[in-house]
Amino acid sequence: MLTGWFLWLILFWVVAMVGLLAIGGFFMFRKFLKRLPKEDGWSELDWQDYYIKETRHMWPEDLKSLLEELVSPVPELFRDIARQKIAGKIGELAFKEKATAITREHVVRGYILATPKRDHKFLVKKLRDLNIDQTPYQHLF
């Protein structure tokens, strides 16, 4: 029978592994749900990729750098995912408005709409740091 410190080490290791597997499984399951097709046959990620592809030519260089600046507070590990999600939302807004070019307004609105509600305090701080007036976008918060 196991006794003493070795037993506690094994118990700690079992709890840690179950916890880590549960956390990883949760994030994998969320990604799986986003890949499931909706009523129209396309998943959320399919639509996001479609909007990015359709509006890629409409991005001026200064707005690409603004997007990079907006996603800079996101940890580097998740920055690519955040950039794609925000760019997809910006592309969706521009595509649905039949815009010929993406504007600064599209970028700010897409940034606000693509950011989860729990992160809006960081979003407001970043917009304030960039001297972007938030009053026209208050209804989106």
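Owing to the predicted nature of the structure, the values given are computational and were not obtained by experimental measurement.

Thresholds applied
Residues numbered from 1 in each chain as written. Predicted model: local features only at pLDDT ≥ 70, side-chain atom pairs only at ≥ 80, totals over all residues. Heavy atoms only, no water. Helix = DSSP H or I, 4+ residues; strand = E, 2+ residues; numbered from the N terminus. Rg over C-alpha atoms; globule rule 2.2 N^0.38 Å. Buried < 20%, exposed > 50% of the residue type's maximum accessible area, 1.4 Å probe, protein only. Contact = heavy atoms within 4.5 Å. Axes fitted to C-alpha atoms, helices over the stretch in contact; angles between N-to-C directions. Parallel < 35°, antiparallel > 145°, perpendicular 65-115°, else oblique. Patch = residues over 30% accessible without salt bridge, like charges linked within 9 Å, V, L, I, M, F, W, Y side chains within 5 Å. Areas by Shrake-Rupley, 256 points an atom, 1.4 Å probe, with all protein chains shown as cover. Salt bridge = Lys/Arg side-chain N within 4 Å of Asp/Glu carboxyl O. Polar contact = N/O pair within 3.5 Å; in protein donor to acceptor, adjacent residues only side chain to side chain. Phe/Tyr/Trp six-rings, centres within 6.5 Å; stacked < 30°, edge-to-face > 60°.

Q: Let's hear about the overall build of the protein: which residues, and what values?
A: In terms of helices and strands, the protein carries six helices and zero strands. Put simply, the protein runs from its N terminus to its C terminus through helices and strands in the order α-α-α-α-α-α. Taking 2.2 N^0.38 as the reference for a compact globule, 141 residues should give roughly 14 Å; the C-alpha atoms of the protein span a radius of gyration of 21 Å, well beyond that estimate. Its C-alpha atoms put the protein at 75 × 40 × 30 Å along the principal axes. Split into buried and exposed, the 141 residues of the protein put 29% on the buried side. Partitioning the intrachain contacts of the protein with sequence separation of at least 6 by distance along the chain shows that 52% fall at a separation of at least 24.

Q: Give me the lowdown on the packing of helix α5 (residues 104-114) against helix α6 (residues 120-129), citing residues and values where you can.
A: Between α5 and α6, whose axes approach to 10 Å, the crossing angle comes to 160°. With respect to their mutual orientation, α5 and α6 come out roughly antiparallel. Residue-level contacts link V108, Y111 and I112 of α5 to H120, L123, K126 and L127 of α6.

Q: Explain a nonpolar patch on the surface to me, and be specific about the residues and the numbers.
A: Residues W13, M17, L20, L21, I23, F26 and F27 make up a contiguous nonpolar surface patch of roughly 790 Å² in combined accessible area. Inspection of the secondary structure puts M17 in helix α1 (residues 5-35). A residue is classified by how much of its surface remains accessible, and M17, at 33% relative accessible area, is partly exposed.

Q: Account for the side chain of T55, naming residues and giving values.
A: Looking at the secondary structure, you find T55 in helix α2 (residues 44-55). Residue class for T55 comes out buried when judged on its relative accessible area of 0%. Of note is the side chain of T55, whose polar atom sits 2.7 Å from the backbone oxygen of Y51. Among all residues touching T55, those that are not within four sequence positions of it are G91, F95 and I102.

Q: How would you explain the side chain of H106 if you had to name every residue and give the values?
A: Mapped onto the fold, H106 is located in helix α5. A distance of 3.0 Å separates the side chain of H106 from the side chain of T103, its partner in a polar contact. The contacts of H106, once residues within four sequence positions are left out, are I90, L93, A94, E97, A99 and A101.

Q: An account of the packing of aromatic side chains is requested, with residue identities and associated values reported.
A: Under the counting rule described, the total for this entry stands at ten aromatic pairs. For the ring pair W47 and Y51, a centre distance of 5.7 Å and an interplane angle of 25° mean the geometry is stacked. Of this pair, W47 and Y51 are both found in helix α2, four residues apart, which corresponds to roughly one turn of the helix. A relative accessible area of 8% places Y51 in the buried class. The structure contains a cluster of three or more aromatic residues connected by ring pairs, namely W42, W47, Y50, Y51 and F95.

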